[in-house]
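Below, each chain spelled out in residue letters.
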Amino acid sequence: MVIIMNPEATLENINGVIQAIENAGLEAKIMEGAQQKIVGVIGDKTKMVTVAIDALPGVDHSVSISKSYKLASREFHPQSTVINVAGVKIGGDEPVIMAGPCAVESLEQVLAAAEIVKKGGAQFLRGGAYKPRTSPYSFQGLEVEGLKYLAEAREKTGLKIITEVTTVEGIEPVAEYSDILQIGARNMQNFGLLKEVGKCGKPVMLKRGLAATIDEWLNAAEYIMNEGNPDVILCERGIRTYETYTRNTLDLSAVAAVKHLSHLPIIVDPSHGTGKWRMIKPMAFAAIACGADGLMMEVHPNPAKALSDGSQSLTAENYLELMDGVKKLSKFMREENLNPLTI
Ligand code: PEP
Ligand code: MN
């Protein structure tokens, strides 16, 4: 961090700033600017959070030059992280596919979806048992009953399970039945929940908040990692913009940004990212081409009858066709050594 003083700042003002920095256990270094003095802060910037530096007399403004997140940062962990979830590697050479219905609706529906998902070659079955719905009158999920159906589908197909946890009380049952705990977009900055999943001992997939910057998203990952859980997977699922044609604007540039800033794996969700089933395939191909570590997609045995998000769910036929393309594309990229993230 550097602190830029006003051109009129007195020696007393500068000494006050130095004192505040030293009181926080950090070192201050004075630099001469063309017209202003600049005070550099050396040491762990997180110690500065208790100092309202911009409010001190003589301070014009301060600029952060190192990142507030550390455990999630590539600066502190240059090697890309590969997370092993019950034998499936996330962040390795092959894209990982998580597919299934938006919500668990019945045992029959989950088992039918699991068969389709497995046939296409996905490694994970997704499906919400606790649904964070915009309206309190919409279907809220089958809760523990839904978790049991997912576990039964795992038993029958060998697919791993990923499902969302929405409350601190929900962590225990979800961790019991699921291989990965999903934190949804609406809870990305629910810091109490993040801290608790940081202690649950299971991998966590953290979806990007509806209006979150990449910096806020990586800081949210830091909350989980700071509690001792290194197994965090990020998921880009679109952000709110002025565009209304799509449900969200899928920010594929976030994949390249996250790969530069962080060592954590990143998955792309073109279902929630677009809200339109027709757009899932082109965005899935684009996500793989730009270096995503995998995809999360909604697949339903009968999207027209889905209790939630039917319009952004693939039919079996469309899903299988998409998966055929994804496999060919990632194989081609591997064989041709086409890594978009090497420059
Ligand atoms: C979901 O994946 O079921 C979901 C609710 O997604 P998001 O949190 O991205 O809206
Ligand atoms: Mn959904």
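The written sequence of each chain sets the order in which its residues are numbered from 1. Here the convention is simple: chains get letters from A, ligands get numbers from 1, in the order in which they are written. Only residues with pLDDT of at least 70 get local features here, since the model is predicted, and only at 80 or more are side-chain atom pairs given and counted; chain-wide, interface and lining totals rely on the full set of residues. Side-chain calculation: all heavy atoms of the structure are included, whereas hydrogens and water are not.

Caption draft 1: Representation of the overall build of the protein chain. Only DSSP runs of H or I with at least four residues qualify as helices, and only runs of E with at least two residues qualify as strands; both kinds are numbered from the N terminus onward. The secondary structure content of the protein chain amounts to 10 helices and 15 strands. Seen through its C-alpha atoms, the protein chain measures out along the principal axes to roughly 75 × 45 × 40 Å. Here the protein chain, with 343 residues, has 52% of them falling under the buried criterion. Whether two residues touch is decided by their heavy atoms; if any such pair falls within 4.5 Å, the residues are in contact. Within the protein chain, contacts between residues at least 6 apart in sequence are counted, and of these 67% link residues at least 24 apart. Relative accessibility thresholds used throughout: buried, under 20% of the residue-type maximum; exposed, over 50%; partly exposed, between the two (1.4 Å probe, protein chains only).

Caption draft 2: How the structure looks around the sheet that holds strand E4 (residues 59-63). With antiparallel pairing, 4 strands are arranged side by side in an open sheet as E2-E3-E1-E4. Lying at the two open borders of the sheet, with one neighbouring strand each, are strand E2 (27-32) and E4. Taken over all neighbouring pairs, the strand axes of this sheet differ in orientation by 25 degrees on average, direction set aside. Across 6 bridges, E2 lies against strand E3 (residues 37-42) in antiparallel orientation. Bridging across to E3, Lys 29 finds its partner in Gly 40. Note on pairing: two strands pair once DSSP finds at least 2 bridges between them. Helix axes are fitted only over the stretch in contact, all axes being lines through C-alpha atoms; the angle between N-to-C directions runs from 0 to 180 degrees.

Caption draft 3: Quick peek at the coordination of the manganese ion (ligand 2). Only nitrogen, oxygen and sulfur atoms within 2.8 Å of the metal, or 3.2 Å for Na, K and Ca, are treated as donors, and water is left out, so sites may look incomplete. Protein coordination at the manganese ion (ligand 2) comes from Cys 102 (SG), His 272 (NE2), Glu 298 (OE) and Asp 309 (OD), with a distance range of 2.0 to 2.4 Å. All donors of the manganese ion (ligand 2) belong to a single chain; written as a sequence motif, their spacing is C-x169-H-x25-E-x10-D. Within this pair, whereas Glu 298 is found in strand E14 (residues 294-299), its partner Asp 309 is found in the loop between E14 and strand E15 (313-314), the two being separated by 11 residues in sequence. Accessibility assignment for this pair places Glu 298 and Asp 309 in one class, buried.

Caption draft 4: Focus on the packing of aromatic side chains. Two rings belonging to Phe, Tyr or Trp (six-membered ring only in the last case) form a pair when the distance between their centres is within 6.5 Å. Interplanar angles under 30 degrees mark stacking, angles over 60 mark edge-to-face geometry, and anything in between is tilted. This model, assessed by the stated rule, comprises 1 aromatic pair. Placement of a positive charge over a ring is assigned whenever Lys NZ or Arg CZ falls within 6 Å of the ring centre and within 35 degrees of the normal to the ring plane. Just above the ring of Tyr 245 sits the side chain of Lys 276; from NZ or CZ to the centre is 4.3 Å.

Caption draft 5: Structural context of the packing of helix H6 (residues 214-225) against helix H7 (residues 253-261). Contact geometry of H6 with H7 gives a least axis separation of 11 Å together with a crossing angle of 50 degrees. Compared by their axis directions, H6 and H7 come out oblique. When the axes of H6 and H7 are compared, the crossing they make is right-handed. Facing H6, whose interface residues are Ile 214, Trp 217 and Leu 218, H7 presents Ala 254, Ala 257, Val 258 and Leu 261. By definition in this entry, angles of less than 35 degrees are roughly parallel, angles greater than 145 are roughly antiparallel, angles of 65 to 115 are roughly perpendicular, and the rest are oblique. Each crossing is labelled by how the near helix is turned from the far one, with a counterclockwise turn of less than a right angle marking it left-handed and a clockwise turn marking it right-handed.

Caption draft 6: How the structure looks around helix H2 (residues 107-120). Spanning 14 residues, H2 covers 20 Å between terminal C-alpha atoms, matching the ideal 20 Å at 1.5 Å per step. For H2, the complete set of buried residues consists of Leu 107, Gln 109, Val 110, Ala 113, Ala 114, Ile 116, Val 117 and Gly 120. Contact partners of the buried residues in H2: strand E7 (96-100), strand E8 (124-126), helix H3 (144-157), E14 and helix H10 (316-335). Count one or two residues on from H2 and you reach Gly 121, which has phi positive near 100 degrees. In this analysis, the expected span of each helix is defined as 1.5 Å times one less than the number of residues it contains.

Caption draft 7: Seen up close, the site of ligand 1. If you check the shell around ligand 1, you find Arg 126, Lys 131, Glu 164, Gln 182, Gly 184, Ala 185, Arg 186, Lys 207, Arg 237 and His 272 and nothing else. N or O atoms closer than or at 3.5 Å make up a polar contact, with two conditions inside protein: a donor-capable atom paired with an acceptor-capable one, and, for residues adjacent in sequence, both atoms drawn from side chains. Contact distances for ligand 1 include 2.9 Å between an oxygen atom and a side-chain N or O atom of Gln 182. Grouping the constituent residues of the shell around ligand 1 by class yields 1 nonpolar, 3 polar and 6 charged. A cutoff of 4 Å decides nearness: a residue is near a molecule or strand if any of its heavy atoms lies inside that distance of it. When residue character is reported, Ala, Val, Leu, Ile, Met, Phe, Trp, Tyr, Cys and Pro are called nonpolar, Asp, Glu, Lys and Arg charged, and the others, Gly included, polar.

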